[in-house]
Amino acid sequence: MTSELQGNVIDLCPVGALTSRPYAFQARPWELTKTQTIDVMDAVGSAIRVDTRGREVLRILPRVNEAVNEEWISDKTRFVWDGLRTQRLDKPYVRRDGRLQPASWQEAFAAIKAKVEQAAPEKIGAVAGDLAAVEEMYALKQLMAGLGSTSLDCRQDGVQLDPANGRGSYLFNTTIAGIEDADALLIIGANPRFEAAVLNARIRKRWRLGGFPIGVIGENANLRYDYTYLGAGTDTLTDVAKASQGFFDALKNAARPMIIVGSGAISGENGAGVLAAAAALAREIGAFDDGWNGFNVLHTAASRVGGLDIGFTPGEGGKTFAEMTSGGVDVLFNLGADEAEIAPGPFVVYVGTHGDRGAHRADVILPGAAYTEKDGTYVNLEGRAQVSSRAAFPPGDAREDWAIIRALSAVLGKTLPFDSLAALQRELYQAHAFMRSDRVEPAGHDGILALADRASSLGTGQLASKLGDFYLTNPIARASKVMAECSRLAAGEQLQAAE
């Protein structure tokens, strides 16, 4: 079997003869504590159940949520749990004489304070990674404001999305369940099979019903359903927008057309232009109607929409993610951003869970909590705010990320105005009321139309997914032996197909 959803066969077996190989002989069901929570391996926000015994996670299973994942989860979601207990950071570290050495929390905070006091406010920055909950990003944003810095960014992959363009400009506005109501689809620079496997199953479900033409601009990949391949570059998007490409008619004649724009298409130099061109095309084909919004951005990071919602982006005069990580600041707070290289120069404070790329570059490491070890809010690609629940406790001296930032703020003399998670969430929910409940509030399309007005000619370039290896997209997955084996098998399959 070669599907990235094949683990669901375990749940389908009526007698239990098909079992989870990594979980087999680990525990009896009655020994486990079962916690209902949310997956963060992608931006879908699938409902899951985490089974623990003591401090260890031993199994992850799907929960039914018809609006999001129905009853399915991807193999990465199901089998990544062994990565939660290997290569973990369980104590603070401070770099001395070129080497990271264990330290106390007081020593780590003192080292940070000394560097922050020497840096000008405009030379201090903060970046957030793909697995961060809204609470810790909100706390870090407050701390940056207290330090006088406007340099903060959650767009680790460089996507050209700006909250100033309105919430509708960066959401999956059709909603996941709404895919079943669409009657035509254009995919631009995305590979939903790997970027959002459960969402891709919805597309396949709608395709199987018939009367659903699908066009793809970008990678000519096996998406598990038939489609019309239009081309790979920005010139193809321009042709479709000018109605000089045959698939335009299929979109124009559809009552509920959809456009999905991938993160890979809207990052880099052409990113803003591609986003505006896609918005203009959506307007041209009539993708906006009463109760229907066919413009969608497909995110790959669980933290991205929440970060954009709270404005974890550069303020006036602030630096972007790329500018900060290339040496534009003297002190850089890194909240679990492990997918980008940080150039020599900045003093890096890393708050994270694993000894991955971010920890290797750090000057101070503050051990944080993984998604199964903290309560937190995650906003999925539809804009649906969901609260994850703690299933286990962090190892050793590791602490919840928001608590680390709160304690550090007191040492830096910029004490944040909350002493508990409840107080932090109360302030967060007052500022962003939609995060109180698990529902999608329509964002409207005024911002998308404003984007469309800025559409202009595009430079040349390829529109393709930039996800990389599906099984190794984050520190937890890279620490998992099961994910490493899946990656090896997938690479062998691709090599065989190429031959």
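Scroll up to find the structure this text is about.
Remember, predicted model here, so these are calculated numbers, not experimental data. Within any chain, residue numbers begin from 1 and follow the written order of that chain's sequence. Two thresholds apply to this predicted model, a pLDDT of at least 70 for residue-level local features and 80 or more for giving and counting side-chain atom pairs, whereas whole-chain, interface and lining totals are computed over all residues. Side-chain figures throughout are based on the complete set of non-hydrogen atoms in the structure, without hydrogens or water.

1. Focus on the environment of arginine 206
Examined against the element boundaries, arginine 206 turns out to sit in helix H6 (residues 197–208). Exposure is judged per residue with a 1.4 Å probe applied to protein chains only, and the accessible area is read against the type maximum: over 50% gives exposed, under 20% gives buried, and values in between give partly exposed. Under the relative-accessibility criterion, arginine 206 is labelled buried at 9%. It is 39 Å that separates the C-alpha atoms of arginine 206 and phenylalanine 25, two residues lying 181 residues apart in sequence. Among all residues touching arginine 206, those that are not within four sequence positions of it are Ile179, Glu180, Ala182, Asp183, Gly211 and Phe212. Of note is the side chain of arginine 206, whose polar atom sits 2.8 Å from the backbone oxygen of glycine 210. Only runs of H or I of at least four residues qualify as helices and only runs of E of at least two qualify as strands under DSSP, and these elements are numbered from the N terminus. For this analysis, residues touch if any pair of their heavy atoms sits within 4.5 Å. In the analysis that follows, any N or O atom pair within 3.5 Å is treated as a polar contact, provided that within protein one partner can donate a hydrogen and the other can accept it, and provided that, for residues neighboring in sequence, both atoms belong to side chains.

2. Observations concerning unusual backbone geometry
Located in the positive-phi region is phenylalanine 25, a residue other than glycine, with phi close to 70°. The topology assignment puts phenylalanine 25 in the loop between helix H1 (8–12) and strand S1 (33–38). The backbone of threonine 175 shows a phi angle near 75°, a positive value even though the residue is not glycine. Relative to the helices and strands, threonine 175 resides in the loop between strand S7 (151–153) and strand S8 (184–188).

3. Quick word on the sheet that holds S1
Pairing between the strands of a sheet comes from backbone hydrogen bonds, and it takes one of two forms, parallel or antiparallel. One requirement defines pairing of two strands: DSSP has to find at least two bridges between them. Strand order in the open sheet formed by three strands is S1-S2-S3, and the pairing between neighbours is antiparallel. With one partner strand each, in any of the chains shown, S1 and strand S3 (56–62) form the two edges of the open sheet. Ignoring strand direction, the axes of neighbouring strands in this sheet form an average angle of 30°. Two elements, S1 and strand S2 (residues 47–53), share six bridges in a ladder whose sense is antiparallel. The residue bridging threonine 37 from the neighbouring strand is isoleucine 48, located in S2. To get an axis, fit a line to the C-alpha atoms, keeping to the stretch in contact for a helix; angles then go from 0 to 180 degrees between the N-to-C directions.

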